[in-house]
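Letter by letter, the chains look like this.
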Amino acid sequence: QVQLVESGGGLAQPGGSLRLSCAASGFTFSRYAMSWVRQAPGKGLEWVSGLYSDGSDTDYADSVKGRFTISRDNAKNTVYLQMNSLKPEDTALYYCTKARYYYYTEDLNDYDYWGQGTQVTVSS
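Residues numbered from 1 in each chain as written. Predicted model: local features only at pLDDT ≥ 70, side-chain atom pairs only at ≥ 80, totals over all residues. Heavy atoms only, no water.

Enquirer: Let's hear about the overall build of the protein chain: which residues, and what values?
Expert: A tally of helices and strands in the protein chain yields 0 helices and 11 strands. Going residue by residue from the N terminus, the α and β elements of the protein chain occur as β-β-β-β-β-β-β-β-β-β-β. Relative to the globule expectation of 14 Å for 124 residues, the C-alpha radius of gyration of the protein chain, 13 Å, shows essentially globular dimensions. Taken along the three principal axes of its C-alpha coordinates, the protein chain extends 40 × 25 × 25 Å. (Helix = DSSP H or I, 4+ residues; strand = E, 2+ residues; numbered from the N terminus. Rg over C-alpha atoms; globule rule 2.2 N^0.38 Å.)

Here it is in structure tokens:
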């Protein structure tokens, strides 16, 4: 069965960095786009970043553009999110999601599997 297991969350100071990882199994990882989605306390789900199945195209929400970098290693079935210059408003539960297609979208209905999430807290 499909499994997405996130890791790398934790507590960071404003201006700090964290690197999230998502280990995927149970499907042909290299055929599908992946995205990161987050949910801040008391708020709805927010698409953060996505990349194509081959990693050739990426995009970011305006709120993280220039600070976050998404990447993938298809040999390791893993997707990453490098988060730099963290802000308190980045505090959220971060989910790794599998797209239904080789390309990503910002429509959360286009994602059929989600991990359990990893908590990121940015605070001094």
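Enquirer: Break down the nonpolar core for me, with residues and values.
Expert: Counting 27 residues, the largest nonpolar core has Met34, Trp36, Phe68, Val79, Leu81, Met83 and Tyr94 as its most contacted members. When residues of this core are traced back to their parent elements, those giving at least two are β3 (18-25), β4 (34-39), β5 (45-51), β7 (68-73), β8 (78-83), β9 (92-99) and β11 (118-122). Ranked by residues supplied to this core, first place goes to β3 with 4 residues. (Core = buried A, V, L, I, M, F, W, Y, C linked by side-chain atoms within 4.5 Å. Buried < 20%, exposed > 50% of the residue type's maximum accessible area, 1.4 Å probe, protein only.)

Enquirer: Break down the side chain of Thr91 for me, with residues and values.
Expert: Of note, Thr91 is situated in the loop between β8 and β9. A distance of 2.9 Å separates a polar side-chain atom of Thr91 from the backbone oxygen of Pro88. Aside from chain neighbours lying at most four places away, what touches Thr91 is Ala40, Pro41, Gln119, Val120, Thr121 and Val122. (Polar contact = N/O pair within 3.5 Å; in protein donor to acceptor, adjacent residues only side chain to side chain. Contact = heavy atoms within 4.5 Å.)

Enquirer: With reference to specific residues and values, describe the pairing of β9.
Expert: Among the 8 residues that make up β9, 7 are buried, leaving the element largely enclosed by the rest of the structure. Sheet topology places β4 next to β9; 6 bridges connect them, and they run antiparallel. When the bridges of β9 are listed, Ser35 appears paired with Thr97. Judged from the 3 bridges that link them, β9 and strand β10 (residues 111-114) form a sheet pairing that is antiparallel. Within β10, the residue paired with Lys98 across the bridge is Tyr113. (Pairing = 2+ DSSP bridges.)

Enquirer: Go over the packing of aromatic side chains with me, naming the residues and quoting the values.
Expert: A full pass over the atoms with the stated rule returns 8 aromatic pairs. Between Phe27 and Tyr32 the ring centres are 5.9 Å apart and the planes differ by 70°, which places this aromatic pair in the edge-to-face class. On the accessibility criterion, Phe27 (15% relative accessible area) is buried. Of the residues examined, Tyr32 reaches a relative accessible area of 25% and is grouped as partly exposed. Both rings, one in Tyr95 and one in Trp114, keep their centres 5.8 Å apart while their planes meet at 70°; by these two values the pair is edge-to-face. Here Tyr95, found in strand β9, pairs with Trp114, found in strand β10; they are 19 residues apart in sequence, far enough to count as distant. By relative accessible area, Trp114 is classed as partly exposed at 30%. Lying across the ring of Phe29, Arg72 places its NZ or CZ 4.2 Å from the centre. Between Lys98 and the ring centre of Phe27, over which it is positioned, the NZ or CZ distance is 5.5 Å. (Phe/Tyr/Trp six-rings, centres within 6.5 Å; stacked < 30°, edge-to-face > 60°. Lys NZ or Arg CZ within 6 Å of the ring centre and 35° of its normal.)

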